[in-house]
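Chains, contacts and geometry: an overview
The chain contents come next:
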Amino acid sequence: MLFYGTFHEANQIFYVTATHSLNPRMFHEFQVGYYGTKTEPDGTVDGTTSSWRKDALGQFNIDRENRRIVVEDNQRYNFRYDFTGQFTRRNLFKAGFVFQNLSNLNWDYNRSSATNATLKIMAGNSEPGKRYTVNRLAAYVDEKLEFQGMVVHAGLRFDSFRGGPERTLSGFMKALPGWRTYKAWRTGRVPLEQTRPMTSLSPRIGLSHPITDRSTVRYSYGVYYKPPHFSLLWLEPWTTADA
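I will try to describe carefully the structure that is included in this document. (Residues numbered from 1 in each chain as written. Predicted model: local features only at pLDDT ≥ 70, side-chain atom pairs only at ≥ 80, totals over all residues. Heavy atoms only, no water.)

Moving on, we come to the pairing of strand 4 (residues 91–111). Inspection of the sheet shows strand 4 paired to strand 6 (residues 132–147) by 14 bridges, in the antiparallel sense. Paired with L92 across the strands is K144, a residue of strand 6. Pairing geometry for strand 4 and strand 5 (residues 117–122), over five bridges, is antiparallel. Looking at strand 5, one finds that D108 is bridged to K120. (Pairing = 2+ DSSP bridges. Helix = DSSP H or I, 4+ residues; strand = E, 2+ residues; numbered from the N terminus.)

Our focus in this paragraph is a nonpolar patch on the surface. A cluster of nonpolar side chains, contributed by F30, V32, F79, F99, L137, V141, L156, F158 and L201, occupies part of the molecular surface with about 700 Å² of accessible area. Breaking the nonpolar patch down by element, the ones donating at least two residues are strand 2 (26–41), strand 6 and strand 7 (150–163). Along the chain, the position of F79 falls in strand 3 (residues 67–88). Assessed through its relative accessible area of 31%, F79 is described here as partly exposed. (Patch = residues over 30% accessible without salt bridge, like charges linked within 9 Å, V, L, I, M, F, W, Y side chains within 5 Å. Areas by Shrake-Rupley, 256 points an atom, 1.4 Å probe, with all protein chains shown as cover. Salt bridge = Lys/Arg side-chain N within 4 Å of Asp/Glu carboxyl O. Buried < 20%, exposed > 50% of the residue type's maximum accessible area, 1.4 Å probe, protein only.)

Okay, the packing of aromatic side chains next. Tallying each qualifying case throughout the model produces eleven aromatic pairs. Ring plane angle 50° and centroid distance 5.1 Å describe the contact between Y34 and Y77, whose orientation is recorded as tilted. Of this pair, Y34 sits in strand 2 while Y77 sits in strand 3, and the two are 43 residues apart along the sequence. Between Y81 and F97, the aromatic rings sit 6.0 Å apart at their centres with planes inclined by 40°, giving tilted as the arrangement. Here Y81, found in strand 3, pairs with F97, found in strand 4; they are 16 residues apart in sequence, far enough to count as distant. What links up through ring pairs into an aromatic cluster is the set F30, F79, Y81 and F97. (Phe/Tyr/Trp six-rings, centres within 6.5 Å; stacked < 30°, edge-to-face > 60°.)

Laid out in structure tokens, this is it:
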């Protein structure tokens, strides 16, 4: 995004789905997809941030032209497979997985004054134009069993999150003088660590049974995990004029 200027934003979505029947009770489904978003400046950017403008009485700040540039180029490649089988009249089974490869570029430059600037960039990337890659894998099994007067759903989901740039070390190291300067980071004085892989298992179960001809009672229990937002893992603001 570009303040007091223009920016160009593009979104692309492409996917192909195929279904193959093994027999009247079993089938496979495949999907390959691509999702992309891109934001970049479109035109000339002001060289510096201007001074605040005052109102007619000279008492209040109104606005100013702010030199800020946000560049994003995020690409995601997706492959999905699902299997569904009606093994018996009372037993429906499902299983599948989704693999995602994400290749992202994100940076935000903001010069708030002639002597002060902030560069927000993913921690392990020493250059604004450097990309980082993340791989995600999710797999599941789900079974539906029908009994007289009751339906049971039982399932298990596995999630894996790997890759990404290096992370800055947390704790007292961030309190050291000059730690936040871009110069300290570029010269290797900022401590970094590899991002640890994350995995999780999520069991789920559900029960339902009718109590009248028009009413059904449902019970469910499940554990759900959500991957952390990338900015919470890696985004760091590097400040002062050295940015």
